[in-house]
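Topology and contacts: notes
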Amino acid sequence: MLQRLRPYLPGLIYLGLTILVALAAMNNQNNLLFWILGVLVAAAILSLTLATLVLRCTQVRRLDPHYGAVGEPLIIRYAVTNRSRWMSVFNIHVSEQPLHEGKAGNVANAVGWQRLMKPASAWVMHTGPGEMVHGEAMFWPLARGEATFDRVCIHTNFPFGVLRRSKVISQPQHTLIYPMLYELRRGLLASIAPMGLIGSKIAHHAGAGDDYFGLREFRPGDSMRHISWKRTARIDQLVTVERTSPAPAKLRVVLDLTVSTDKLPGAAGDASKARAMEEKAISLAASIVHAADLEGFEVGLTALGVHSPPIAVRRNQWHFHKMMAALAQIDLDRARQTAAPLSVRDAERVALVMIAPDRIQPLASRQNAAYLTAAQLDTLAVRPLGWGEAAIGESRLTTDDSSRRYAATSIGQSSIVTRQSSMEGAAA
Amino acid sequence: MRLLRSFPALAFALVLLSIAGLCAAQRSVGLLLVAGTLAAISWSVTEGPRGRTLPRWVSNILVIGVCLNVFRDLMQNSADVMGVLGRFTLLLTLVKLYERRHARDYAQLLMLSLVLMITGCMQSSDLIFGVVLLLYVVLGLYVLLLYQMHAAYEQARDSRNASIPADYRLAPPLKPIIGRHLGLHFRLASVAIGLMGVLLSVGVFVGFPRGFGADLLGTLNAPGAGREAGFSWEVNLATGGRINASAARVFTVQFTEDDRPIRMSEPVYLRGAVLDRYEGGGRWTSPEARTRRYRMTSGRSERVTPSGIESGRTIAQHVTFTRAVGGEMPLFSIYAPTGMAMDTTVDVLYDPRRQALRTTKDTRRVVGYTVRAQPEPSLGTQRAITDQIIPAGGPDWFVDREGRVEGLARQLLAEAGLPDRTPSFDRDDRFSNAWDWNRRATEVFENYLQNSDFKYTLDLSDVRFGSDDPIVNFLFEDRRGNCEYFASALAALCQSVAIPSRVVVGFLAQQYDESTQQYVVMEGNAHAWVEIAVAPHMWKAYDGTPAADLPSLTEDDGTLAQAVRSMYSRFEGNWSTQVVGFDTGAQERLIDSFSQGWSRRLSSLLTSIRGGMESVNNFFNVGPGGYIWMGIVALALVIAIIALARLMRRSMAIRRTLHLQHLRGSEYRRMLAQLGFYLDMLRVLERGGLAKPEWRPPMLHAAAITVAAPEPARLVRDITVVFYEARYGLEPIEGRRLDQARGDVRRLADLLRTPI
């Protein structure tokens, strides 16, 4: 923990004013000016002393933000603790120091957070003696990836704003920034994965579905409606009808990144354009995964050409974050792998959508797969998730749990954009 | 946020206070009415839901206009630079009050208010302004604390709003993060900071060396600014300005005759300095003259006149200063001084030409003295106390170039029926001698000044002398002034018709305290009058100031108004003496009293300690060796106290670091005894640059530092294992394990090259 005292413009102005007052007081031997000079000097001394004391008794700890997403605010909370038992602490600013890349915990190729998002700071107005409060900084991620935080800087200019003292605390941490999620047009998923023979299945076990599965003896607790009266009358024993368990639709998203960035034909040699196309493809894939998960699909993800193992088709919150993390961690600068066609399991009875940045390479074994390119994102997406309608004053997207519309979250003071809250349609 | 919402109103009040302070300093009621009204209505105009502020371009134009007005004001009042600066700042403040206010604008407003008060300080030192200044400082400190919160809140809100893209409209408003009891804590902090600030500021005020850097940049004060009534070694009528009649007590004087206190029948003129040279331009001085030096010691008296001289009625004046004085100062006394006694060893100089006593420049501390005087000295005494016959004229006299003063004098004499020149006394039997004519003529002049339309005033701030001599201006133009003007005019009239006269400055003792049988003399009793020669070796006092206007305190009539006036006068006196008049001498006196007080206390403490040790030694009857034993015991006691303090401090650190607050009794004592090694490990790690964050478990920290420092990480792991056993284990840990852990801590310290 290193305390610093840095040059500060208001402090320099204050110093100049003090010197002028001192000169005037000495020149005129005016005792009232001497007293004002005393007040100015006292304020400077108190500023230095109190700012040092405040920083000494203030502890800050960054709380793990878990993850963020491009286009959505990333709220990072800091636990600010006042260890003093008698002194209150006012006006604490907490900010992140830019990372010196490659030095954070010796993690290779560490990406500093400053490359992925704009700086922001948290402000704590007051912490009482022995208290802890949570300050919030709202970052705005601009690119996906793994953001590495290293050092936290706290500074204060209390009480008079004459001096600014700061202290740097080391707290290495990583967090993932998911790709930008879009609200997709209605019917897209239905067109990709119709709820028919491919999209829906009937599980081969009993459940609460509608189709006939089998008969069994009556057990106490069974509903009277499920008794097969015909069979019961025939064998003179209560018999219960068992129904099948419906299986949700399954979808696998395949992201084809086998073509390296510089070889994308559609970019015409423009590296930034090519990279943008790849990022759009990743965002499109993430948006489809998100939309499918909201619709109740079981989703799997395969990323071809990058060092990312295929993810099985599942459905739960942890699984969703696993897919998002995989998309966030795709390193487009690494050498691409030549993907084998069999990396997409043919025997998997799932709907398949393949997304490529530029040109599609159809799979010979899957004739009914859906193929999308990055350029189609502009037509398939309605708006970024969570963004309000443009040019509409203070409208908010309301949540509708029953219809499972994509809910824009209203960012409260202490809220984080969470997948869970958007699924439940609750604004924090 | 009530605290933040109160900031705009308090800042506005502070600015209003500074405007009032400047107007009070400039003593301009009109300015206060206009500026105060404009400032006050700016709140209703700019604040609130229907508030309107000046557009930026309008305020820029107004500022340019204000700047141009400065040049005009400066040309009209070139001598009053501070006044011009004050008005300029005032106008800027008024423009700023009507602008939209963000954090930066508030900072500018606060700065402008400070400049207003600073310029006010350079123009006035009244008690009223002092009270406004004190209120401003107290309120200003609080407002400045609030400003930091307000500015930080605005900055946080603006940066949050700036980071949100334009199309994202769901960002909530920023709410400040606060703990519990914000209002109470902030008020407590403000009071504590305010008290510390006031103490420090008083320390700087008292300790800052006076006299250093004086007039380094020239004269910046307004003419006559900050002048206080009081004794001065010269009279300068050209300064003008306003004099504040101070009620600060200077000294008390008791008159005794034959060792019995007496009360004089008339106001007593206590002579200080005799100014017998007119320099021109309204300035009277007292040039160097031959003096007799007397080396005085405490209680010993000296005579100015030789012994054996026929003596008349002798009155002793016992003077006691309210505060000890030093340096060159007159021994105030009635005419004619014949002897003195001092309360301390000092050198006293007697000026026989002026019949005045004074101390030398290197005098340190004088609290009181006694001067014997003869109000009606005998001829022998007259000759003994002077060194020459009073001359009839000289180059030091007032020169009336245009002859207007002489013309007036002759006119007055003619109207009074007196001859206009010293008569031939052989022929004219109306006068016993020329000295008698001097007296009669002076009475005519005195009567003229006292009973004509001359007005006594202390405020000459608007007097413009032009090319006239201030005395001529007083007699023929303004016809108003203070006692110095009346005395100068009387002396000029006398000298214009060859009457030997001189201006005397000192104090006029009027207020008699029956209880102590003393006269109380205040700064406001400083006075100037004239002495004219009424005999070859004798002077007599005449006072041109109208009697009704003599600076005095009326008798206490017991009314509430009088009590309030007296109290105000007392405060004003103390303010003038202790704050406005605080100088190098006051610093030295303060240091002397402080050092003497502390040395007295220290010596009494040492004496009592010595006495205690002697009594203990006598009790045990050990002899001289007993003192050695006592020293050893005292040293052991000191060491024990230090060790105990360190032990308690370590116990508190262990309790706090390891969160043992909930433990009691034997369990707590066992933990304290066993877990010290863990605290040592944390300290070693901190000093070695591997500090463990409080939130991180020690095992995790060992893993975190493994890459950077593998060997220390291993030791940290081993020590942590023992710590867990000792802290959370069901059985008490073995001593061997504790010793092993302590050894590991030492090895860790060696590895990291830090002390434990």
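Structure: above.
Residues numbered from 1 in each chain as written. Chains lettered and ligands numbered in written order. Predicted model: local features only at pLDDT ≥ 70, side-chain atom pairs only at ≥ 80, totals over all residues. Heavy atoms only, no water.

1. Some points on the interface of chain B and chain A
If you look at the interface, chain B gives 73 residues, while chain A gives 72 residues. Buried surface at the junction of chain B and chain A, summed over both partners, amounts to about 6300 Å²; 70% is from carbon and sulfur atoms. Here chain B is connected to chain A by 1 salt bridge. Between A:Glu131 and B:Arg180 there is a salt bridge, and its shortest N-O distance comes to 3.4 Å. Taken together, chain B and chain A are joined by 9 residue pairs in polar contact (both at pLDDT 80 or more). Those elements giving two or more residues to the side of chain B that touches chain A turn out to be helix H1 (2-26), helix H5 (103-121), helix H6 (127-163), helix H7 (182-207) and helix H13 (560-580) of chain B. When its residues are assigned to classes, the side of chain B that touches chain A shows 49 nonpolar, 15 polar and 9 charged. (Contact = heavy atoms within 4.5 Å. Buried area = accessible area lost by both parts, 1.4 Å probe. Salt bridge = Lys/Arg side-chain N within 4 Å of Asp/Glu carboxyl O. Polar contact = N/O pair within 3.5 Å; in protein donor to acceptor, adjacent residues only side chain to side chain. Helix = DSSP H or I, 4+ residues; strand = E, 2+ residues; numbered from the N terminus. Nonpolar A, V, L, I, M, F, W, Y, C, P; charged D, E, K, R; others polar.)

2. Considerations on the sheet that holds strand S7 (residues 277-280) of chain B
Residue and element names in this part refer to chain B. Ordered by their spatial adjacency, 3 strands build an open sheet running S2-S8-S7, and the pairing between neighbours is antiparallel. Strands with a single pairing partner mark the edges of an open sheet, and in this sheet they are strand S2 (235-236) and S7. Here 3 bridges tie S7 to strand S8 (residues 283-285), and the two strands are oriented antiparallel to one another. Note on S8: the bridge partner recorded for Arg277 is Thr285. (Pairing = 2+ DSSP bridges.)

3. Focus on the sheet that holds strand S6 (residues 268-275) of chain B
Within a sheet, each strand pairs with its neighbour through backbone hydrogen bonds, oriented either parallel or antiparallel. Residues and elements named next belong to chain B. Read from one edge of the open sheet, 4 strands run S6-S19-S22-S23, paired in antiparallel fashion. The open sheet terminates on both sides in strands that have one partner only, identified here as S6 and strand S23 (538-542). Direction aside, the axes of adjacent strands within the sheet are offset by 45° on average. Looking at chain direction, S6 and strand S19 (residues 501-509) are connected through 7 bridges and run antiparallel. Bridge pairing in S19 places Leu275 opposite Val503. Together, S19, strand S22 (526-535) and S23 form the strand contacts of helix H12 (residues 483-496), whose direction differs from that of S22 by roughly 20°. (Axes fitted to C-alpha atoms, helices over the stretch in contact; angles between N-to-C directions.)

4. Side note on H5(B)
Along its 19 residues, H5(B) runs 27 Å from first to last C-alpha, staying within 8% of the 27 Å computed at 1.5 Å per residue. The buried count for H5(B) comes to 14 of 19 residues, which makes it a mostly enclosed element. (Expected span 1.5 Å × (residues − 1). Buried < 20%, exposed > 50% of the residue type's maximum accessible area, 1.4 Å probe, protein only.)

5. Regarding the packing of helix H15 (residues 625-657) of chain B against helix H17 (residues 676-687) of chain B
All names here are of chain B. Viewed as axis vectors pointing N to C, H15 and H17 meet at an angle of 85°, and their least axial separation amounts to 10 Å. Taken as axis vectors, H15 and H17 run roughly perpendicular relative to one another. Facing H15, whose interface residues are Arg650, Ala653, Ile654 and Thr657, H17 presents Gly676, Phe677, Leu679, Asp680, Leu682 and Arg683. Here the contact of H15 with H17 is built from residues that sort into 5 nonpolar, 2 polar and 3 charged. (Parallel < 35°, antiparallel > 145°, perpendicular 65-115°, else oblique.)

6. Considering the packing of aromatic side chains
Aromatic ring pairs are reported here in terms of the distance separating the ring centres and the angle at which the planes meet. Residue and element names in this part refer to chain B. Across all of its chains, the model carries 33 aromatic pairs over all chains by this definition. Note on Phe255 and Tyr519: the rings are 5.5 Å apart at their centroids and 80° apart in plane angle, and the pair reads as edge-to-face. With Phe255 in strand S4 (residues 249-257) and Tyr519 in strand S21 (residues 518-522), this residue pair connects regions lying 264 residues apart in the sequence. By relative accessible area, which is 2% here, Tyr519 ends up buried. Consider the rings of Tyr448 and Phe454, whose centres lie 5.5 Å apart with planes at 80°: the pair is edge-to-face. With respect to class, Tyr448 is no different from Phe454; both count as buried. (Phe/Tyr/Trp six-rings, centres within 6.5 Å; stacked < 30°, edge-to-face > 60°.)

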